[in-house]
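An overview of the molecular structure
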Amino acid sequence: MRGSASAASGRAADSQSPMSFAVVVFPGSNCDRDCYHVIREVLRRPVCYVAHAEPQIPDVDCVIIPGGFSYGDYLRAGALAARSPVMGAIRDFAAGGGLVLGICNGFQILCETGLLPGALMVNTALQFICRWVHMRIEDVNTPFTRDCKPNQVLRMPIAHYEGNFRPPPEQGTGSAEAEDLFCGRIVGRYCSPGGEVSDNSNPNGSWSSVAAVSNREGNVLGMMPHPERCSEHMLKGSDGLYIFRSLVQWWEEDGYE
Amino acid sequence: MEVSVFIQLKDGVLDPEGETLRQSLRRLGFHEVDGVRVGKHLQISLAEDNTERARRRAEQMCEDLLANPVIEDYQVRMKEELS
C-alpha cells in the first residue's frame, strides 16, 4: 500500500543502495537457507542471517522469518521463538514501518508475537500436509503483493501441521460475516486452480480459507505457502517470485517516497 | 511449592484431536462419551513458600507464555487443591 507502509516507515534508503534483507535463524529453522538463496541468487539483492539470540537486527529494509520447527515446536508452534531476543528488535522494526515477511513457522511466530492478529491451530485433518496449493491474492495493495493482479492465483507449496488460522475471538468465531470485524487484512485465500474459494480447496480448515494475512498497516505479512520453494523454474514453479518481486518493486518505487 | 497449570482450548474452539478421541472411545463401546477436550497439564516447581505469591506468579507465566489467549484458557491449581 502506497500510503501507510511507506508513510509509517520513513526508512527509505537513498536511491543508490539496493533493497537489503535479513533472514532470521532460530534453532530448528529449516527454510532459512532457501530464503537466503532466493534473495541472493534469484533477486540478486544483499542478504544476511541474523541469529535468534541477537538483541538487535542489522540495518536492512526487510526481515524474513523463515519456516521450520523453531524450538522443536515445543509448547505451541512459534511460541518460544516469539519470546526470543531478536523478536524484540523485530517488533520495534515493524512498529517503525519496516517490512517483515513470515513464512509458515514465521507466520506462526508473528501471530504468537502479536504482530499479526489471530492464531494458527492444528490442521482439522490432524495431519501434516505437504503439497502444492493455490492461493488467490485478495489484496494487491501491500508491499508483498503489488506485483500481482487482483484475484491472481499463485501456485505454491505448503508443508505444515499447524496452519488452521483462527481470528481473535472477539472478532467473530468462524462466520464469514465476521470478516468485517477482523483487525488484519486477508491477503491470500486457498482456492481451486481456477480461483474459486470453497471448503474443497481449503487444506487445513483455516477460517475463511485464509492463507496469508497482513496487519492493518500492510508492512507485516504472514503466509503459510512457501514462496521461497517456488521461485525458480527448475523447481517446477516460480509463482513465489511474485511475492519477492513485489517487495523489491515496492521498495524501488514507493519505498523512496 | 508445586503448582499445576491446566491449559485448554477455549469453549467453541474446534478441537479436532478431542473429536477424534470421542469417536474412538465410542467405537470402543464407551457410548456415553459426549465430548472430549484435549489440553495440557504442566507441573511447575517454584522456590516459593507463599501460596498466593506462587499462584500469582504461575498466572503471570500463563499470561506471558504458557497459554495463547486467542485460543486457550488456563487454570492454576496449587498441589493441595488437587488432592
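Rules behind the numbers
- Residues numbered from 1 in each chain as written.
- Chains lettered and ligands numbered in written order.
- Predicted model: local features only at pLDDT ≥ 70, side-chain atom pairs only at ≥ 80, totals over all residues.
- Heavy atoms only, no water.
- Contact = heavy atoms within 4.5 Å.
- Buried area = accessible area lost by both parts, 1.4 Å probe.
- Salt bridge = Lys/Arg side-chain N within 4 Å of Asp/Glu carboxyl O.
- Polar contact = N/O pair within 3.5 Å; in protein donor to acceptor, adjacent residues only side chain to side chain.
- Helix = DSSP H or I, 4+ residues; strand = E, 2+ residues; numbered from the N terminus.
- Nonpolar A, V, L, I, M, F, W, Y, C, P; charged D, E, K, R; others polar.
- Buried < 20%, exposed > 50% of the residue type's maximum accessible area, 1.4 Å probe, protein only.
- Pairing = 2+ DSSP bridges.

What follows covers the interface of chain A and chain B. Each side of the interface is counted separately: chain A has 17 residues, and chain B has 18 residues. Summed over both partners, the interface of chain A with chain B buries about 1300 Å², with 68% contributed by carbon and sulfur atoms. Our count for the contact surface shared by chain A and chain B stands at one salt bridge. At the surface where chain A touches chain B, the tally comes to five residue pairs in polar contact (both at pLDDT 80 or more). Secondary structure elements with two or more residues in the side of chain A that touches chain B: helix H3 (79-82) and strand S5 (119-121) of chain A. The residue inventory of the side of chain A that touches chain B, partitioned by class, reads ten nonpolar, three polar and four charged.

This part is about the pairing of strand S10 (residues 210-214) of chain A. The side chains of a regular strand alternate between both faces of the sheet. All names here are of chain A. S10 sits mainly inside the fold: five of its five residues count as buried. Two strands pair when backbone bridges link them, and strand S9 (residues 185-191) and S10 are joined in this way by four bridges, in the antiparallel orientation. Across the sheet, the residue bridging to Arg 185 is Ser 214, located in S10. Strand direction decides the pairing type here: S10 and strand S11 (residues 220-223), joined by three bridges, are antiparallel. The residue of S11 that forms the bridge with Ala 212 is Met 223. Between S10 and the antiparallel strand that follows it, S11, lie five residues; Gly 218 among them carries a positive phi value of about 90°.

In short, shape yes, function no, at least from these values alone.
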